[in-house]
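Fold and geometry: a report
The residues making up each chain are set out below.
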Amino acid sequence: MTDAVQLRYARFAEQEAPGRSELYAEWAHSVAVDAGLAAILARIPENRRQPPLVFAVTRMLGSGLVGPEAWRDFVIAHADAVVAECTARRLQTNEPLRLAPLLPVLTEIQGPIALLEVGASAGLCLYPDRYSYRVVDAQGDLRVALDPEDGPSTVVLQSTVDGALPALAMPDIVWRAGIDLAPLDAREDLDRRWLQGLVWPGEQGRAERVDAALDIAAADPPLLFAGDAAARIDALAADAPRDATLVITTPGVLVHIPRDARTELIARIRALEARWITIDPPGLLDVWEPAVDAAEWSGFVVALDGRVRAAADPLGRWWEWRAGGGASAT
C-alpha cells in the first residue's frame, strides 16, 4: 500500500506538477521518498488520496505554502486531522472562468433566466451576470469587453478567442440555485479556505479570481441544496419561477458521475421544460448534434440541449465558436 502511494506521488511530481506548480512537485516528491509520510496518506481511502486533494486539505488545516520539510512536519503533526478531512472531502473545482465559453450560449436563450447548476460547489458559476468579460485574441489584443450594468466587476473573466465571434450579452438572471453532494458556503471561513486550497500555487490570477467570486457569492448567497442531482432535479426545477426560462448547467461535473447515474441524470434533465448547457470531454456523451469525433476534437464540447456550440478549454481559458453564424467582433 505504501509503495503504491509513493509511486502515485512520484508520478505526480515528475509528470503532472512541473510547469504548473513547482511547490506541489516538491511536496509530492517528499511523499515519494518518505515511507513514513506515505504510510500516513495510505490511511486515506484510495479515491480520496489524490495529491491535489491532500495538498488542499493540508492548506485548509493551516500548513501554509511552506517548503517540503515544513510541510512534512505539518502532516506528521496533524496526521489524524489530515486523514479525516481527506476521507470526508472530494475535489470541487469551482472555476468561474468556465462561464466565459458559456456566455455566448446564455446569450442565445430568451430571458429572464432561472439558473440551476448541477455540481455547484459554492455556486461561483451561478453569477454570470455579476462578472466582467474580456475576450482577447492570441496576441492578447482586446476584442470584446462586457461588464454588468452597474460597472466593471471585481471578477474579470478573460478568455482567448480567435476566429468569428457570436453575439455576447449579459444574461438576465432572476433566480439562481445549485445542487451538490457537499455544497460549500462562501460565508464560512473553512469552506472558503477549502476552495482557496484547491487552487494550485503558481496558477497566476486564479486565486484572486476565486477570492473575488467568493465575496460576490457571500454577499448574495444562492440557493444551494445537498443531495443526488438525479433524485432531486425535478423538485428543484419545480421551485424555479414560472415566468423565467429554466436553464440547467452541468459545467465539468458529468465526468465525475458514474455512467449509469450520468445517463439517468441527463434523461431527467432533457425531460424537463428547461434548456441544458454543458461543457464536457468530447467522448463522454453520445448526445452531440452533430456527432463529434473525439480523436479530432480539441478541448471540451460546449453544447446547448446537446447541440454543439463551441470547443473550449476545460477551465474556460480559450474557446472557439463552432455553431456557425458568428460575426467577427474585431
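Refer to the structure printed above.
For the structure given in this document, a descriptive report is provided here. Note that the structure is predicted; figures quoted are calculated from it, not measured.

For the structure shown, the criterion picks out nine aromatic pairs. When the centroid spacing of 6.0 Å and the interplanar angle of 70° are considered together, the rings of Tyr-9 and Phe-55 count as edge-to-face. Within this pair, whereas Tyr-9 is found in helix H1 (residues 2–16), its partner Phe-55 is found in helix H4 (residues 51–60), the two being separated by 46 residues in sequence. Residues Tyr-9 and Phe-55 agree in their burial class; the two are buried. On the basis of an interplanar angle of 35° and a centroid distance of 5.5 Å, the ring pair of Tyr-24 and Trp-27 is categorised as tilted. On the criterion of helical spacing, the pair formed by Tyr-24 and Trp-27 is a turn pair, its members being three residues apart in helix H2 (residues 22–32). There is no split in this pair, since Tyr-24 and Trp-27 are both buried. Taken together, the ring pairs in this structure connect Tyr-9, Phe-12, Tyr-24, Trp-27, Phe-55, Trp-71 and Trp-200 into an aromatic cluster. Across the ring face of Trp-200, the terminal group of Arg-20 is positioned such that the distance to the ring centre comes to 3.6 Å. Between Arg-322 and the ring centre of Trp-297, over which it is positioned, the NZ or CZ distance is 4.2 Å.

Another point: the sheet that holds strand S2 (residues 132–136). Spatial strand order, S3-S2-S4: three strands in an open sheet with mixed pairing. Each end of this open sheet is capped by a strand with a single partner; those strands are strand S3 (142–146) and strand S4 (156–160). Within this sheet the neighbouring strands show an average axis-to-axis angle of 15°, counted without direction. Sheet topology note: the S2/S4 ladder contains five bridges and is parallel. Each residue of the ladder has a partner; that of Arg-134, found in S4, is Gln-158. Across the sheet, helix H7 (residues 99–108) is in contact with S2, S3 and S4; its angle to S2 comes to roughly 100°.

Calculation rules
Residues numbered from 1 in each chain as written. Predicted model: local features only at pLDDT ≥ 70, side-chain atom pairs only at ≥ 80, totals over all residues. Heavy atoms only, no water. Phe/Tyr/Trp six-rings, centres within 6.5 Å; stacked < 30°, edge-to-face > 60°. Helix = DSSP H or I, 4+ residues; strand = E, 2+ residues; numbered from the N terminus. Buried < 20%, exposed > 50% of the residue type's maximum accessible area, 1.4 Å probe, protein only. Lys NZ or Arg CZ within 6 Å of the ring centre and 35° of its normal. Pairing = 2+ DSSP bridges. Axes fitted to C-alpha atoms, helices over the stretch in contact; angles between N-to-C directions. Contact = heavy atoms within 4.5 Å.

It is worth stressing that arrangement in space is one thing and function is another; only the former is reported here.
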